[in-house]
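Analysis of the macromolecular model
Read off the chains here:
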Amino acid sequence: MKRAFTIFLAAVLALLPMAIAEAPAYGDLISDIAYIDDGDANHTLDIYGSDKAEATKTVVEVHGGGFIGGNKTTNTDHSIVFADAGYVVVTPDYSKVPRGVSFPDVIKELFTIYSWVGEHAEEYHIDLNNIFLSGDSAGGYYVLISMAIMRDPALQEYFGVTPPDYEFSGYVTTCPDTDILRKREYLGEDKKGPEAFNANTIGAEILMDDDLMAHMDLFSCTDPAVFQGLYMMTTPSDTTTGEAVVKFDAYLTEQGVEHILNSYENDENELLHVFNISHTDWAESIKANQDEIDFMESLLK
């Protein structure tokens, strides 16, 4: 049992390389707001920087965690970077597969969040004319599939969701998990390592569901034009999603879809997956996070 727990912990840490520490205090923070009033902690969100006198530019930030872990405080340092740049930041939690849910359930939760934000915009000084969707790793995937669903009625029908009464001004992804079908390669008891742990935790019942995957594979589930204007970032030393991001970048380029991919090289530090989330004080992270902010600022109305 002790050895199994050690293996489990090592795999989770590999999927979530950020330091495990108590979330730093932040003065302008409202915690544990229910977006679905059912007593489930996965159905709550936090809001940073809402103590404003008027409607304010806003980011909805979807945390990562390999689809199976993480929570709304995982990205606290990164959310504070956005808040310090003058944004209201909404950080939701959501259910983790496969704990009684599959991907369509999580996507429904996310669209409930987007609608909740619109319904409570006045209360929390959210400017719906200047609102962005951001996410990293698995959260980056959820941003990408949300982007596709927002612009594709057929996907809206399949997942049973309705877009909110506003449009996101831009979509920002950090080291997104762009190749969900690749997880099939790591299924099986003979496969080892964090990617195998992740795939086998999600499970073959979900990942081998051809109909579901056909509606989730970013390379084939929709017209690539829906990703017009996407922002992505990565680093060549990201062994978790780096290869998939480069593959998706090449696909979008081949399809003539205008988008941005910024890649950051090791300078003062050895950069790993979601380095700008887990180490916001690094020089490379400061640059990467400022580039994300500059992208959003360029789209403000």
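In case you missed it, the structure is sitting above this.
My aim in this report is to walk through the structure given alongside it, one point at a time.

Reading the values: the criteria
- All residue numbers refer to positions counted from 1 along the written sequence of the respective chain.
- Only residues with pLDDT of at least 70 get local features here, since the model is predicted, and only at 80 or more are side-chain atom pairs given and counted; chain-wide, interface and lining totals rely on the full set of residues.
- Just so you know, side-chain values use all the structure's heavy atoms and leave hydrogens and water out.
- Think of it this way: any DSSP run of H or I at least four residues long counts as a helix, any run of E at least two long counts as a strand, and we number them from the N terminus.
- We take the radius of gyration over the C-alpha atoms and set the globule estimate at 2.2 Å times the residue count to the 0.38 power.
- Contacts are residue-level and defined by heavy atoms, with any inter-residue pair within 4.5 Å sufficient.
- Counting rule for charge: Lys and Arg are taken as positive, Asp and Glu as negative, and neither His nor the chain ends is counted.
- To locate a charge, the coordinates of NZ of Lys, CZ of Arg, CG of Asp or CD of Glu are taken.
- We call a set of buried Ala, Val, Leu, Ile, Met, Phe, Trp, Tyr and Cys residues a nonpolar core when their side-chain atoms join them within 4.5 Å.
- Accessibility here uses a 1.4 Å probe with only protein chains present; expressed as a share of the type maximum, an area under 20% marks a residue as buried, one over 50% as exposed, and anything in between as partly exposed.
- What counts as an axis is a line fitted to C-alpha atoms, over the stretch in contact for a helix, and the angles between N-to-C directions run from 0 to 180 degrees.
- Reported orientations rely on four angle classes, namely roughly parallel under 35 degrees, roughly antiparallel over 145, roughly perpendicular from 65 to 115, and oblique for the rest.
- Three classes are used: nonpolar for Ala, Val, Leu, Ile, Met, Phe, Trp, Tyr, Cys and Pro, charged for Asp, Glu, Lys and Arg, and polar for all others, with Gly counted as polar.
- In this scheme Phe, Tyr and Trp rings, the latter by its six-membered ring, pair at centre separations within 6.5 Å, and the angle between planes marks the pair as stacked below 30 degrees, edge-to-face above 60, and tilted otherwise.
- Charges are assigned to positions over rings by a cutoff of 6 Å between ring centre and Lys NZ or Arg CZ, combined with an angular limit of 35 degrees from the ring normal.
- Two strands make a pair as long as DSSP finds a minimum of two bridges between them.
- Left-handed describes a crossing whose near helix is turned anticlockwise from the far helix by less than a right angle; the clockwise case is right-handed.

Helix and strand counts for the protein stand at 11 helices and eight strands. Relative to its length of 301 residues, the protein is compact, with a C-alpha radius of gyration of 18 Å against a globular reference of 19 Å. Long-range contacts, defined as pairs at least 24 residues apart, comprise 74% of the intrachain contacts of the protein with a sequence gap of at least 6. A gap of 7 Å separates the mean positions of the 17 positive and 51 negative side-chain charges of the protein.

Further remarks concern the nonpolar core. Counting residues in hydrophobic clusters, the biggest one holds 67 residues, and the most contacted among them are Phe103, Tyr142, Phe227 and Phe248. Counting residues per element, this core draws most heavily on helix α4 (residues 138-150), at 10 residues.

This paragraph deals with the packing of helix α3 (residues 103-119) against α4. Put simply, α3 and α4 touch, their axes get as near as 11 Å, and they point 75° apart. Comparing the axis directions of α3 and α4 gives the class roughly perpendicular. Taken together, the residues of α4 that come into contact with α3 (itself represented by Phe103, Val106, Ile107, Leu110, Phe111 and Tyr114) are Tyr142, Ile145, Ser146, Ile149 and Met150. Partitioned by chemical class, the residues of the contact of α3 with α4 number 10 nonpolar, one polar and no charged.

Turning to the packing of aromatic side chains, a few remarks are in order. Each aromatic ring pair is specified by the distance between its two centres and by the angle formed by the two planes. If you walk through the whole model with that rule in mind, you get 20 aromatic pairs. With 4.9 Å between their ring centres and 90° between their planes, Tyr158 and Phe159 make a pair best called edge-to-face. A relative accessible area of 30% means that Tyr158 is categorised as partly exposed. One aromatic cluster in this structure is built from Phe67, Tyr94, Phe103, Tyr141 and Tyr142. Here Lys57 stacks its cationic end above the ring of Tyr87, 4.5 Å away from the centre of that ring. In this structure, Lys247 is placed above the aromatic ring of Phe219, and the distance from its NZ or CZ to the ring centre is 4.9 Å.

This paragraph deals with the side chain of Ser137. Residue position: Ser137 is located in the loop between β5 (126-136) and α4. For Ser137, the residues in contact, after removing those within four places along its chain, are Gly64, Thr174, Cys175, Pro176, Asp177, His273 and Val274.

Right, let's talk about the sheet that holds strand β4 (residues 88-92) for a bit. Taking strand neighbours across the sheet as the criterion, the eight strands line up as β1-β2-β4-β3-β5-β6-β7-β8 in an open arrangement whose pairing is mixed. In this open sheet, the two strands that pair with only one neighbour each are β1 (29-34) and β8 (259-263). Direction aside, neighbouring strands of the sheet carry axes that sit 20° apart on average. Set on the sheet, helix α9 (residues 242-254) makes contact with β7 (230-234) and β8; between it and β7 the angle comes to about 145°.

Another aspect to go through is the packing of helix α2 (residues 76-84) against helix α11 (residues 283-298). The interhelical angle for the contact between α2 and α11, taken along N-to-C directions, is 45°, at an axis separation of 11 Å. Judged by the inter-axis angle, α2 sits oblique to α11. Every pair of crossing elements has a handedness; the one defined by α2 and α11 is right-handed. Listed contacts from α11 to His78, Val81 and Phe82 of α2 are Asn289, Glu292, Ile293 and Met296.

Omega for the bond connecting Val97 with Pro98 falls within 30 degrees of zero, at 0°, which places this linkage in the cis form. As for its position among the elements, Pro98 is in the loop between β4 and α3. A positive phi angle is found at Ser137, which is not glycine, with a value near 55°. On the basis of relative accessible area, Ser137 is assigned to the buried category, the value being 7%. At Val274, a position not held by glycine, the phi torsion is positive, near 45°.

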